[in-house]
Amino acid sequence: MGGSATGQKIAFLGTGKIGEALLSGLLRAGKAPGDVMVTARRTERAEELTARYGVTAVSNADAAKLADTLILAVKPQDMGALLEELAPQIAADKLVISAAAGIPTAWFETRLAAGTPVVRVMPNTPVLVDEGMSVISGGSHATEAHLVRTEEIFRSVGKALRVPESQQDAATALSGSGPAYFYFLVEAMIDAGILLGLPRQVAHELIVQSAIGASIMLRDSGEHPVKLREAVTSPAGTTIAAIRELENHGVRAALLGALEAARDRSRELATGGK
Ligand SMILES: NC(=O)C1=CN([C@@H]2O[C@H](COP(=O)(O)OP(=O)(O)OC[C@H]3O[C@@H](n4cnc5c(N)ncnc54)[C@H](O)[C@@H]3O)[C@@H](O)[C@H]2O)C=CC1
Ligand SMILES: O=C(O)[C@@H]1CCC=N1
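Note that the structure is a prediction, hence the values are computed from the model and not measured. All residue numbers refer to position in the chain's written sequence, counted from 1. Naming scheme: in the order in which they are written, chains are lettered from A and ligands are numbered from 1. Totals for whole chains, interfaces and linings use every residue, but because this is a predicted model, local features are given only for residues with pLDDT of at least 70 and side-chain atom pairs only at 80 or more, for both listing and counting. Water and hydrogen atoms play no part in the side-chain values, which are based on all heavy atoms of the structure.

**Notes on the domain arrangement of the protein chain**
For step 1, the next point in the chain: Residue ranges assigned to the domains are those given by an automatic or database domain assignment. On domain assignment, one finds that the protein chain holds domain 1 (2–162) and domain 2 (178–268).
For step 2, the next point in the chain: Each of domain 1 and domain 2 was reduced to a C-alpha centroid, and the two centroids are 33 Å apart.
For step 3, the next point in the chain: When two parts are put together, the accessible area they lose, computed with a 1.4 Å probe and summed over both, is reported as buried area. Contact between domain 1 and domain 2 buries roughly 360 Å² in total, counting both sides, with carbon and sulfur atoms accounting for 41%.
For step 4, the next point in the chain: Salt bridge criterion: a side-chain nitrogen from Lys or Arg within 4 Å of a carboxyl oxygen from Asp or Glu. The interface formed by domain 1 and domain 2 holds one salt bridge in total.
For step 5, the next point in the chain: Arg219 serves as the salt-bridge partner of Glu131, at 3.6 Å between the closest nitrogen and oxygen.
For step 6, the next point in the chain: Here the residues of the side of domain 1 that touches domain 2 are counted per class, giving two nonpolar, four polar and two charged. Note on residue classes: Ala, Val, Leu, Ile, Met, Phe, Trp, Tyr, Cys and Pro are nonpolar, Asp, Glu, Lys and Arg are charged, and everything else, Gly too, is polar.

**Here's the deal with the packing of aromatic side chains**
How two aromatic rings sit relative to each other is set out by the distance from centre to centre and by the angle between their planes.
For step 1, the next point in the chain: Classification of ring pairs uses Phe, Tyr and Trp, with its six-membered ring standing for Trp, and accepts pairs whose centres are within 6.5 Å; under 30 degrees between planes counts as stacked, over 60 as edge-to-face, and the remaining range as tilted. What the rule picks out here adds up to one aromatic pair.
For step 2, the next point in the chain: Judged by centre distance (5.0 Å) and plane angle (80 degrees), the rings of Trp107 and Phe108 are edge-to-face.
For step 3, the next point in the chain: Buried means the residue's accessible area, taken with a 1.4 Å probe over protein chains only, is under 20% of the maximum for its type, while exposed means over 50%, and partly exposed covers the values in between. With relative accessibility at 10%, the residue Trp107 sits in the buried group.
For step 4, the next point in the chain: By relative accessible area, Phe108 is classed as buried at 0%.
For step 5, the next point in the chain: The criterion is that NZ of a Lys, or CZ of an Arg, lies within 6 Å of the ring centre and within 35 degrees of the ring normal, and then a charge sits over that ring. Positioned above the aromatic ring of Trp107, the side-chain terminus of Arg111 is 3.9 Å from the ring centre.

**Concerning the pattern of salt bridges**
For step 1, the next point in the chain: Tallying each qualifying case throughout the model produces 21 salt bridges.
For step 2, the next point in the chain: For Arg162, the salt bridge goes to Glu144, with nearest N and O atoms at 2.9 Å. A residue pair is termed long-range when its members are at least 10 positions apart, and Arg162 in strand E8 (residues 158–162) and Glu144 in helix H6 (residues 144–155) qualify at 18 residues.
For step 3, the next point in the chain: Arg263 is the salt-bridge partner of Glu260, the closest N and O atoms lying 4.0 Å from each other. Comment: elements are numbered from the N terminus, with helices defined as DSSP H or I runs of at least four residues and strands as E runs of at least two.

Given below as structure tokens:
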């Protein structure tokens, strides 16, 4: 587990939504708060994180100096400024992990001291409940040991999978952004319940539990989703009436287009651009 990462000191540079989710997961997994540092732009945010988790708030420069592993979790658009401030202070024996969408390891390598190991990771917010999906690719100076160290961190909050870096933009579209699509569907289905006259709380419970049941079946049954859907779809029944509407409205095509757009946006962020 990440918690056992043998007293290694980890710093989060940028502790927003994903940084805090990862931080809380690492602590749940047993990492000592004394081995975790955070940086924040605002003092109030630093104080909030210190009070909530017992971790140490430091400057970016001190994080670079004191931590063995630096997890960069600022927006891609802020990464240029962070690296400009920090790169000269990161010694080449540090492990730099970027959680930013789009930005390739080579982008970091050209800004950091020669030989600095960089690992690119795309996690997702279910790390908050130890069900994260993190996709990992090593840069040109990342060794097997660096990848294992990264896996230890991210496996403590869910699954981790190594992929070639050329697949990172697609992975970002699928699992990085993925939870948002499910929330969007759930939100729309709860609205449908309201349309059908159900109280919101009842609609919420019915849909959320159906989502949980369906997800666990997907994970544990080993069946293809088509098979699972067929088992719900009775001849001349209710489900096929709904599926016809989904097909009529091009929902499948919309999903293909949506994930392609997310992949393309990840590519656009490659230079930390707007
Ligand atoms: N939110 C998500 O589900 C996921 C986000 N990511 C990536 O994680 C990164 C952060 O995303 P979010 O957490 O959603 O954004 P966010 O805006 O919640 O967090 C970014 C944090 O970085 C801080 N920050 C910016 N510049 C800083 C600096 N120079 N020094 C210290 N702190 C600084 C901001 O104040 C903010 O708290 C992005 O690169 C995104 O692509 C990756 C996977 C999933
Ligand atoms: O929306 C974004 O850009 C980030 C990356 C993946 C999930 N959230």
